[in-house]
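Chain and residue survey
So the chains spell out like this:
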Number of protein chains: 2
Amino acid sequence: MSTVERHRLIAQAVREAGTLTVAELADLTGASDMTVRRDLDQLAAQGVLERFRGGARTLLLRGDEPPFALRTHEAVDAKRRIAAEVASLITDGETVLLDSGTTCLEVARLLRGRQITVMPLSLQAIGVLGDAPEPTALLVPGGRPRAGEGALTGPLTLASLSALRFDTAVLGCCGLTAGDGMTAYDLDEAAVKKAVVTSARRVIAAADGSKLGRTAHAYVGPSSLVDILVTDATAPADETSALEDNGTTLKIV
Amino acid sequence: MSTVERHRLIAQAVREAGTLTVAELADLTGASDMTVRRDLDQLAAQGVLERFRGGARTLLLRGDEPPFALRTHEAVDAKRRIAAEVASLITDGETVLLDSGTTCLEVARLLRGRQITVMPLSLQAIGVLGDAPEPTALLVPGGRPRAGEGALTGPLTLASLSALRFDTAVLGCCGLTAGDGMTAYDLDEAAVKKAVVTSARRVIAAADGSKLGRTAHAYVGPSSLVDILVTDATAPADETSALEDNGTTLKIV
DNA sequence: CCCTAACGAACACATTGATTGTTCGAAACG
DNA sequence: CGTTTCGAACAATCAATGTGTTCGTTAGGG
């Protein structure tokens, strides 16, 4: 078992049980207690759980978004396929806005070296595209990164968005339904997504099936603002057809 | 010999000779020709030199600034000492502007975890501070990164700077003299440095001795806008005393 | 106040990834 | 058309990381 697998296993177990001891987790993972202790320290630093002497307890409430470091390793190949489709929808010469989130980060990797101008809205994507080879042009938006997520938000981000217009925006989202529209976990991020939609002529949403039919806290806008939705086959059929009725073009990979 | 040492050796040799063959460089470095070829490809990608069949020729004119990747490994311990002094001049709770350049990047490393708000003006520094532990707060300026340097410039950067005020700015520079003032190699960077000075209450310049008495192309402003200059003992004494006469406080480490 | 369990530091070991050199077939230049 | 250079592939080497063990220290409970 790799390190990240064990981290996910521990995070999930602690989240479900609420509280677990080091010994229980060592037993569960098959690793030594020292390794479990090191894992718990790392997960605590990521804000996933809280350490106490002898074990750990969860910090994530039900419905909370799992931290970025864990989401990165969930539904990996679905995200990769979705990202590949999104990248293929982008034409050379375009100016592209790239949202934060793990799926969009995967898109960023595929855009390296493409002949486009891209403005990524997360620190991670900036890192990926920061040393991209020619002819890719990078634009950095201002902003304050959300802890753990690296998603840029705030007045500087909104100002950067309002100063520019883009051919295509690639949007990630936490929830998307025909009824409740697009939603995000974080209010500031939702404000950024709203501005993104305003600044872009074409909006591509990249969301694996688990996001469809789900509703998060912060409202972004109606589903009709999504021109193209790229998702995978795990998306519920009733939801996708309802989204299609609202005017969104579907790409299921 | 490490990889970066060999790269520097090759870059310097090609720069001085103008043109060298793979065989000559393999002989010089003691590495195999395959390794030299790989090195040349990497240096060509960095814009240091131009590949041709059988060897490479320099792209750097005399007086040009060597690329970032090479400067990082020059005067390493002087930069580190200067950076340590700069970091010690910054008080907890301050808001700090951090310029681009290799010396300021070293400062960024020392600011990780400090209780400050910091806005770095280069991609590299953003990368270093992007996952800084609490209680460091990061602000990202907008901008277009200069190829190879990662220095953020342009209207978005200027807008971000004009929207904020800072307690302290840490400025790197390419040249600083009492007579010609502060100068940079790049016009856009000079414009950013001007805005930096305007947005900061206190200006600390971090420049190793080689920068003093040197004048580059783009004018930033008179030396009197530097409140504190942190440099090392290789700085020419006549220059430092002239700067001191202009009102700059000296810290020689 | 003491005892026990948990912790963290230090070391050894394994595994992984990066770097380098070699070989060989392909391509470029004269 | 021959020679030289190049690039891909493979194997060897080295560094870095992750893991487990040991042992002295510390925190908390009785």
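The coordinates are above.
What this report covers is the structure whose coordinates are included nearby. (Residues numbered from 1 in each chain as written. Chains lettered and ligands numbered in written order. Predicted model: local features only at pLDDT ≥ 70, side-chain atom pairs only at ≥ 80, totals over all residues. Heavy atoms only, no water.)

Moving on, we come to the protein's contact with DNA strand D. In the vicinity of DNA strand D, 16 residues are found, and the nearest of them are A:T35, A:R38, B:R51, B:R53 and B:G54. Among the atoms of DNA strand D lying within 4 Å of the protein, the sugar-phosphate backbone contributes 57%. The side chain of A:R38 places a nitrogen or oxygen atom 2.7 Å from a base nitrogen of DNA strand D. B:R37 is positioned such that a nitrogen or oxygen atom in its side chain is 2.9 Å from a phosphate oxygen of DNA strand D. Within the residue set of the surface near DNA strand D, elements represented by two or more residues are α1 (3-17) and α3 (33-45) of chain A together with α3 (33-45) and β2 (49-52) of chain B. Class assignment for the residues of the surface near DNA strand D results in five nonpolar, four polar and seven charged. (Near = heavy atom within 4 Å. Polar contact = N/O pair within 3.5 Å; in protein donor to acceptor, adjacent residues only side chain to side chain. Helix = DSSP H or I, 4+ residues; strand = E, 2+ residues; numbered from the N terminus. Nonpolar A, V, L, I, M, F, W, Y, C, P; charged D, E, K, R; others polar.)

Strands pair in a sheet through their backbones, by hydrogen bonds, and they do so in one of two ways: parallel or antiparallel. Residues and elements named next belong to chain A. In space, the three strands of this open sheet follow the order β1-β3-β2, with antiparallel pairing throughout. Pairing within the sheet leaves two strands with one partner each, and these edge strands are β1 (19-21) and β2 (49-52). Along the sheet, successive strands turn relative to each other by an average axial angle of 20 degrees, direction set aside. The sheet contact formed by β1 and strand β3 (residues 55-58) spans three bridges and is antiparallel. Within β3, the residue paired with T21 across the bridge is G55. Packing of α3 onto the sheet brings it into contact with β2 and β3, and relative to β2 it is tilted by some 130 degrees. (Pairing = 2+ DSSP bridges. Axes fitted to C-alpha atoms, helices over the stretch in contact; angles between N-to-C directions. Contact = heavy atoms within 4.5 Å.)

To continue, consider the nonpolar core. Residues A:L98 and B:L98 are the most contacted members of the largest nonpolar core, which totals 60 residues. Grouped together as the second largest cluster of nonpolar side chains are 34 residues, A:L171, A:A184, A:V197 and A:L250 included. (Core = buried A, V, L, I, M, F, W, Y, C linked by side-chain atoms within 4.5 Å. Buried < 20%, exposed > 50% of the residue type's maximum accessible area, 1.4 Å probe, protein only.)

Residues and elements named next belong to chain B. The interhelical angle for the contact between helix α5 (residues 76-89) and helix α6 (residues 102-111), taken along N-to-C directions, is 55 degrees, at an axis separation of 8 Å. What the angle tells us is that α5 and α6 run oblique. For the pair α5 and α6, the crossing hand works out as right-handed. Residues K79, R80, I82, A83, A84, V86 and A87 of α5 lie in contact with α6, whose contacting residues are T102, T103, E106, V107, L110 and L111. (Parallel < 35°, antiparallel > 145°, perpendicular 65-115°, else oblique. Left-handed = near helix turned anticlockwise from the far one by under 90°.)

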